[in-house]
Amino acid sequence: MSSVFGHALAGLTISATFHQGRPPRRVLAFATACALAPDLDWFTAFIGLDGTSLAHRGMSHSLLALLLLAATAMLLGFRRQLWSPRLWACMLSAALSHSLLDACTFGGTGVALLLPFSEARFVCLWQPIFVSPIPLSGKLLDWLLFSLGTEVVWIGIPALLVLSVPRAFQWIRLRKRSEETP
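Residues numbered from 1 in each chain as written. Predicted model: local features only at pLDDT ≥ 70, side-chain atom pairs only at ≥ 80, totals over all residues. Heavy atoms only, no water.

Trainee: Even after reading the chapter, I still don't get the overall build of the protein chain, so can you show me in this structure?
Mentor: Within the protein chain, the regular secondary structure consists of five helices and two strands. N-terminal to C-terminal, the α/β element order of the protein chain is α-α-α-α-β-β-α. Taken over the C-alpha atoms alone, the protein chain extends approximately 70 × 45 × 30 Å along its principal axes. Per-residue burial over the protein chain gives 36% buried out of 182 residues. In the protein chain, of all internal contacts separated by at least 6 residues, the share reaching a separation of at least 24 is 62%. Put simply, the protein chain shows about 11100 Å² of open surface, and 71% of that area lies on carbon and sulfur atoms. In the protein chain, which carries 14 positive and 9 negative side-chain charges, the distance between the mean positions of the two groups comes to 15 Å. (Helix = DSSP H or I, 4+ residues; strand = E, 2+ residues; numbered from the N terminus. Buried < 20%, exposed > 50% of the residue type's maximum accessible area, 1.4 Å probe, protein only. Contact = heavy atoms within 4.5 Å. Areas by Shrake-Rupley, 256 points an atom, 1.4 Å probe, with all protein chains shown as cover. Lys, Arg positive; Asp, Glu negative; His and termini not counted. Charge placed at Lys NZ, Arg CZ, Asp CG, Glu CD.)

Trainee: Can you walk me through the pattern of salt bridges in this structure?
Mentor: Oppositely charged side chains can pair when the atoms bearing their charge come close. Following the criterion strictly, the structure yields two salt bridges and no others. Arg-57 is the salt-bridge partner of Asp-102, the closest N and O atoms lying 3.7 Å from each other. Note that Asp-102 is positioned in helix H4 (residues 85-103) and Arg-57 in the loop between helix H2 (25-36) and helix H3 (63-77), a separation of 45 residues in sequence. For the pair shown, Asp-102 and Arg-57 are each scored as buried. The residue Glu-179 makes a salt bridge to Arg-175 at a minimum N-O spacing of 3.5 Å. With a gap of four residues between them, Glu-179 and Arg-175 both fall in helix H5 (residues 139-180), about one helical turn apart. Classification of Glu-179 by relative accessible area gives exposed; the value is 57%. (Salt bridge = Lys/Arg side-chain N within 4 Å of Asp/Glu carboxyl O.)

Trainee: Even after reading the chapter, I still don't get the packing of aromatic side chains, so can you show me in this structure?
Mentor: How two aromatic rings sit relative to each other is given by the distance of their centres and the angle of their planes. Throughout the structure, instances matching the rule amount to four aromatic pairs. Between Phe-30 and Phe-78 the ring centres are 5.4 Å apart and the planes differ by 65 degrees, which places this aromatic pair in the edge-to-face class. Of this pair, Phe-30 sits in helix H2 while Phe-78 sits in the loop between H3 and H4, placing them 48 residues apart in sequence. Here Phe-30 falls in the partly exposed class, since its relative accessible area comes to 22%. Grouped by ring-pair contacts, the aromatic residues Phe-106, Phe-130 and Phe-146 constitute a single cluster. (Phe/Tyr/Trp six-rings, centres within 6.5 Å; stacked < 30°, edge-to-face > 60°.)

Trainee: Teacher, can you tell me more about a nonpolar patch on the surface here?
Mentor: A cluster of nonpolar side chains, namely Trp-126, Val-152, Val-153, Trp-154, Ile-157, Leu-161, Val-165, Phe-169, Trp-171 and Ile-172, defines an oily patch on the protein surface of about 1000 Å² accessible area. Secondary-structure assignment places Phe-169 in helix H5. (Patch = residues over 30% accessible without salt bridge, like charges linked within 9 Å, V, L, I, M, F, W, Y side chains within 5 Å.)

Trainee: Would you mind going over the environment of Glu-119 with me for this structure?
Mentor: Looking at where Glu-119 falls in the secondary structure, it is placed in the loop between strand S1 (105-106) and strand S2 (129-130). By relative accessible area, Glu-119 is classed as exposed at 62%. Put simply, Glu-119 and Asp-39 are 80 residues apart on the chain and 18 Å apart in space, counted from C-alpha to C-alpha.

Trainee: Looking at this structure, I do not really get the environment of Ile-172. What am I missing?
Mentor: In this structure, Ile-172 sits in helix H5. On the accessibility criterion, Ile-172 (45% relative accessible area) is partly exposed. C-alpha separation for the pair Ile-172 and Ala-35, spaced 137 residues apart in sequence, amounts to 32 Å.

Now the structure itself:
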């Protein structure tokens, strides 16, 4: 799985792309929660559910569960704006980013996108992000730092570009307008 940092960064970036300027804190919080929530299934290994559809990257990573997650976020956080297509797209995109990032992660099992309709697990052909190790001891700390480095390259840099390029163009336009006015 991508780390908590990678998923959170994806949620924050997605929420920012759906708003001009700074998105409201509530949108940031709920989009980040949607991007993080599917990994709550990681704890199922401790209660003996490994190998079932409830195991890690199973049902909680399916398209159906992600749709329900986005709907829950909308009901809990945006009841007055329940019919806002922009907010729905933001929450659903943030939730979907989780499964997409996990499918792009080298290591572990694939993502069960079509549960409960199919047991098939999906991975991307190109998996540039390395799985985060747990627990942290000895050489695993080196592996964690390496996996976080891949997240910086493949999640952090694109996030920085997505957030900064539109603002750079906006700054250029404003500067050009100020030069044109006497």
